[in-house]
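Summary of structural features
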Amino acid sequence: MSVDENMVRRIANLARIGVTDGELPALAKELSAIIGFVEQLSELDTDGVKPLTSAVEDRIRGREDIVTDGGYAEDVLANAPEKDDEYFAVPKVVE
Amino acid sequence: MAENKNLISGATGDWEIVLGLEVHAQVASKAKLFSGAATEFGAEPNSQVSLVDAAMPGMLPVINWFCVEQAVRTGLGLKAQINNYSVFDRKNYFYPDLPQGYQISQFQQPIVGEGAIEIDLADGAVKEIGIERLHLEQDAGKSLHDQHPNMSFVDLNRSGVALMEIVSNPDMRSAAEAQAYVKKLRAILRYLGTCDGNMEQGSLRADVNVSVRKPGDELGTRCEIKNVNSIRFIGQAIEYEARRQVDLIEDGGTVEQQTRLFDPKTGETRAMRSKEEAHDYRYFPDPDLLPLEFSQEFVDEIAKDLPELPDEKKARFINDYGLTPYDAGVLVGEAENAAFFESAAEGQDAKAVANMVIGSVFAGLNKADLDIADSPVSAAQVGQLVGLIADDTVSGRSAKEVFELMFEDGPDQGKNPAVIIEEKGLKQVTDTGAIEAAVDEVIDANPDKVAQAKERPKMAGWFVGQVMQATGGKANPQAVNKLVMLKLGLE
């Protein structure tokens, strides 16, 4: 599979990364090369093999339903570029 | 397939509405799905946010087993397939109230598979609505758009709260069916205790998928109306949206697949965003979470203490108490109402109790805007009052007055009906000795009428009238009637 310029534009948009038109050809070439390299894996026959989602030989662990965290709005907001009272303030997102 | 009687008519003929619902039900947990922050409603902004919920670098999700248990419990209540192995995925999109840039959800392998709900229709019929799946996911934060002219405010208290997304098949054909579905689903969740069902606070909200077609045609293009938060609005949104689509198609247009919002003020739906690009969530398994696995014993343990569900309770009320399906349906709508009825009906005529609970208690609570838990009249008192009517201490008419007095007094006064009847002098004359004497007197004084009455039993009414007159109208008419019939040998 190769990645064309439109695909790069789309991926960049989905990832909210600014890419200029001038950068598109080089990125398309680079991404195509990466995918081509990884695609070698498809030469293997994986019929009947379950997808591996983790290399850890362990089972999921969990917590009890107990409140142990929170109560520090000022810490949560500490890195916010803008805030108002105890809220994050962001450029308006509805028309 | 049954004929659909809910068609809507357009200029070119009849149209059929096809509806499928995605209901988001907040798990009734104290802490969030993947963090230890609290879930309580109405807290100060951003006060119930852990660094996990705020998506600070390096923070890792750890699952709350209670939430898993509630999802399984709900799945069992929906008679659905439970998947002992499921997977959490990342659903990627950007929005200011989603700090991670993805929602942890379940895509291809949900925790609960196919199930079904039976809904009760107005004509007494029952229809089965298929459940496609139930999966666990995180809620996003809350955005406030109306606090500032050019800023939106974000509160992350909801961020990371556990939701069960329950997806139905497109099996509903009218607004009424969709409403009955949400009502039934809400009742099941509340019986199970897995979600409080509070639609005003957003614990239960529905995305409604609406499409229209000519009967027998393929499915039409659907629009999704997001986050409708009351049963009434669900009805209004569907009616409006179906009509809009029919008019659009008949005017030569085509329905575009889009997300729409319902505005309760206008009763209309409108496109949420003008988006040229379709969603591309790029789901993939969340590398921070191992697959969700549990044993069959875990499921069996939960199945063991599943409560009696609305359908089972309704069937029992009909069979054991002899209630009508309608009354039974009304009583089982809320587990608390059903419990109130059962407690009041103990040792009493259940039908009479059902009538008083529905006719007086519910009506009074509705009018006073009170919950059953705050009812000024207790279940025991309702039972006592029904008993006092049954044993002729008080007439049905006076009982209404007694009920109203108890209702006004409220739970603090706590006066039992017998006390009120005594105080207000509402007791019927049921002293059979006194009535009997009066009956004897009339019979002895009128041997000719007695003879006539043997021929014409209708004459008994004359004796009853005489006795009532003799007792100054205080005698219980049924008691007089009974004695007259007995003494005249007509019974």
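Each remark here, short or long, concerns the structure printed above.
Residues numbered from 1 in each chain as written. Chains lettered and ligands numbered in written order. Predicted model: local features only at pLDDT ≥ 70, side-chain atom pairs only at ≥ 80, totals over all residues. Heavy atoms only, no water.

**Some words on the overall build of chain A**
When you go through chain A residue by residue, the secondary structure sums to 3 helices and 3 strands. The order of α-helices and β-strands along chain A, N terminus first, is α-α-β-α-β-β. Radius of gyration (C-alpha) of chain A: 22 Å, far over the 12 Å computed for a compact globule of 95 residues. Taken along the three principal axes of its C-alpha coordinates, chain A extends 55 × 45 × 25 Å. Out of the 95 residues in chain A, the part that is buried amounts to 20%. Pairs at least 24 apart in sequence give 28% of the contacts found in chain A among residues at least 6 apart. Working note: accessible area of chain A is about 7500 Å², and carbon and sulfur atoms make up 55% of it. (Helix = DSSP H or I, 4+ residues; strand = E, 2+ residues; numbered from the N terminus. Rg over C-alpha atoms; globule rule 2.2 N^0.38 Å. Buried < 20%, exposed > 50% of the residue type's maximum accessible area, 1.4 Å probe, protein only. Contact = heavy atoms within 4.5 Å. Areas by Shrake-Rupley, 256 points an atom, 1.4 Å probe, with all protein chains shown as cover.)

**Here we look at the environment of N169 of chain B**
All names here are of chain B. By the element assignment, N169 lies in the loop between β11 (162-168) and α2 (175-192). Put simply, N169 and A116 are 53 residues apart on the chain and 9.4 Å apart in space, counted from C-alpha to C-alpha. Excluding its chain neighbours within four sequence positions, the residues that come into contact with N169 are L19, G20, G130, I131 and E132.

**Some thoughts on the pattern of salt bridges**
Residue and element names in this part refer to chain B. Applying the stated rule across the entire model yields 31 salt bridges over all chains. R173 is the salt-bridge partner of E16, the closest N and O atoms lying 3.6 Å from each other. A residue pair is termed long-range when its members are at least 10 positions apart, and E16 in strand β2 (residues 13-26) and R173 in the loop between β11 and α2 qualify at 157 residues. Ionic contacts of the salt-bridge type, sharing partners, join the residues D120, K184, D311 and K314 into one network. (Salt bridge = Lys/Arg side-chain N within 4 Å of Asp/Glu carboxyl O.)

**As for the environment of G465 of chain B**
All names here are of chain B. Along the chain, G465 turns up in helix α14 (residues 460-470). Relative accessible area serves as the criterion here: at 34%, G465 is assigned to the partly exposed category. Through-space distance from the C-alpha of G465 to that of P477 is 9.2 Å; in sequence the pair is 12 residues apart.

**Digging into the pairing of strand β15 (residues 268-271) of chain B**
The pairing of strand β14 (residues 259-263) of chain B with β15 of chain B spans 4 bridges and is antiparallel. Of the residues in β15 of chain B, the one forming a bridge with D263 of chain B is E268 of chain B. (Pairing = 2+ DSSP bridges.)

**A word on the nonpolar core**
Residues and elements named next belong to chain B. Within the largest apolar cluster, 104 residues are counted, with the highest numbers of intra-cluster contacts made by I111, I166, Y181 and V382. In terms of residues, this core owes the most to one element, α2, which gives 10 residues. Residues lining this core come from more than one domain, with at least three contributed by each of domain 1 (2-303) and domain 2 (308-424). Discounting residues that sit within four places of it in the chain, Y181 has contacts with L21, V23, I117, I119, I129, I131, I166, S168 and M172. The next biggest cluster of nonpolar side chains, apart from the first, holds 19 residues, and it includes M459, V467, M468 and A475. (Core = buried A, V, L, I, M, F, W, Y, C linked by side-chain atoms within 4.5 Å. Domains from an automatic or database assignment.)

**Focus on the packing of aromatic side chains**
All names here are of chain B. Taken as a whole and assessed by the stated rule, the structure comprises 13 aromatic pairs over all chains. Pairing F294 with F298 gives two aromatic rings, centres 5.2 Å apart and planes at 45°, and the pair type is tilted. Looking at F294, the relative accessible area reads 7%, which means it is buried. Plain terms: the ring middles of F317 and F341 are 5.1 Å apart, the flat faces sit at 55° to each other, and that makes the pair tilted. Placement of F317 in helix α5 (residues 310-321) and of F341 in helix α7 (residues 335-345) is noted, with a sequence separation of 24 residues between them. (Phe/Tyr/Trp six-rings, centres within 6.5 Å; stacked < 30°, edge-to-face > 60°.)

**Digging into the packing of α5 of chain B against α7 of chain B**
Residue and element names in this part refer to chain B. For the pair α5 and α7, the least separation of the axes is 12 Å and the interaxial angle reads 20°. Compared by their axis directions, α5 and α7 come out roughly parallel. Every pair of crossing elements has a handedness; the one defined by α5 and α7 is left-handed. Residues K313, R316, F317 and Y321 of α5 touch α7, and the partners they reach there are A338, F341, E342 and A345. In the contact of α5 with α7, the residues fall into 5 nonpolar, no polar and 3 charged. (Axes fitted to C-alpha atoms, helices over the stretch in contact; angles between N-to-C directions. Parallel < 35°, antiparallel > 145°, perpendicular 65-115°, else oblique. Left-handed = near helix turned anticlockwise from the far one by under 90°. Nonpolar A, V, L, I, M, F, W, Y, C, P; charged D, E, K, R; others polar.)

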